[in-house]
Amino acid sequence: MNPADDPHAKPLPLPDADSAAFWAGLKQGRLLLQHCLDCGQVQYYQQAMCRRCQGDRLEHRAASGRGTVYSYSVVHRAPGPAFRADTPYAVLLVELAEGPRMVSSLVGADPATVHFGMQVELVLDAVSDDITLPRFRPLAPST
Ligand SMILES: [Zn+2]
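Anyway, here's the lowdown on the structure attached to this text. Counting restarts for each chain, with residues numbered from 1 along the sequence as it is written. Local features are withheld for residues below a pLDDT of 70 in this predicted model, meaning they are given only at 70 or higher, and side-chain atom pairs are given and counted only at 80 or more; totals for whole chains, interfaces and linings count all residues. Based on all heavy atoms of the structure, the side-chain values leave hydrogens and waters out of the count.

## Remarks on the coordination of the zinc ion
Donors, by definition, are the N, O and S atoms found within 2.8 Å of a metal, the threshold being 3.2 Å for Na, K and Ca, and water is not counted, so a site can look incomplete. Coordination of the zinc ion by the protein comes from Cys36 (SG), Cys39 (SG), Cys50 (SG) and Cys53 (SG), over a distance range of 2.3 to 2.4 Å. Labels for metal geometry use angle windows, namely 85 to 135 degrees for all angles of a four-donor tetrahedral site, and for square planar (four donors) or octahedral (six donors) sites opposite donors over 155 degrees apart plus all others within 65 to 115; sites meeting none of these are irregular. What the 4 donor atoms of the zinc ion show is an angle range of 105 to 115 degrees at the metal, which sorts the shape as tetrahedral. The sequence motif formed by the donor residues of the zinc ion is C-x2-C-x10-C-x2-C. Residue class for Cys36 comes out buried when judged on its relative accessible area of 5%. Exposure categories follow from relative accessible area, calculated using a 1.4 Å probe and restricted to protein chains: below 20% of the type maximum is buried, above 50% is exposed, and the middle band is partly exposed. Owing to a relative accessible area of 28%, Cys39 belongs among the partly exposed residues under this scheme.

Right, dumping it as structure tokens:
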């Protein structure tokens, strides 16, 4: 069976021309965002042109990895067999410190503790040789 057809295997992202640098960056430990050199827009996900000014002078820069929970949902009923063992888990919409929002998931904490505005930080989860997923954990309070 093709692994992609196995309902017990989690689907993995397939990098394309626009996202290849993003996935390569995560593999190297950096969450890359595109910065427009013309208008200053910071964007995720990656595209060939700026979504604000349509310029094509975009530069990848590593994000701080800090963000806040803009929205979230706690999943109790898995969307398929591959995710059954993970429930309950929290799907997050994280607003990165640089501005863009990205869908991710919570690690390192009870999903019941997630709340709007919660401070989180990036965790790199190498799920295969090629793919490292960006996940988030609660930001440890600074002392
Ligand atoms: Zn721009």
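## Section: the environment of Gln41
Numbering of helices and strands starts at the N terminus; helices are DSSP runs of H or I of at least 4 residues and strands are runs of E of at least 2. Mapped onto the elements of the fold, Gln41 is located in the loop between strand 1 (32–36) and strand 2 (42–43). Separated by 93 residues in the primary sequence, Gln41 and Pro134 have C-alpha atoms spaced 21 Å apart. Setting aside its immediate chain neighbours within four residues, Gln41 contacts Gln34, His35, Cys36, Cys50, Arg51 and Arg52. Note on definitions: a residue-residue contact is assigned when non-hydrogen atoms from the two residues lie within 4.5 Å.

## Notes on the layout of surface pockets
Buried and open spaces are told apart on a 1 Å grid over the protein atoms alone, a cavity being a set of points where a 1.4 Å probe fits but cannot get out and a pocket being an open set with protein on both sides within 12 Å along at least five of seven lines. Residues with an atom within 4 Å of a point are the lining residues. Grid points are joined across faces, edges and corners, and a volume is the space filled by probe spheres set on the points. By volume, the largest pocket amounts to about 490 Å³. Along the wall of the largest pocket there are 21 residues; nearest its centre are Phe83, Ser104, Ser105, Leu133 and Arg135. Looking at the lining of the largest pocket, the element that brings in the most residues is strand 6 (residues 101–105), giving 4 residues. Any residue that is not Ala, Val, Leu, Ile, Met, Phe, Trp, Tyr, Cys, Pro, Asp, Glu, Lys or Arg is counted as polar, Gly included; the first ten are nonpolar and the last four charged. Among the residues making up the lining of the largest pocket, the classes are represented as 16 nonpolar, 2 polar and 3 charged.

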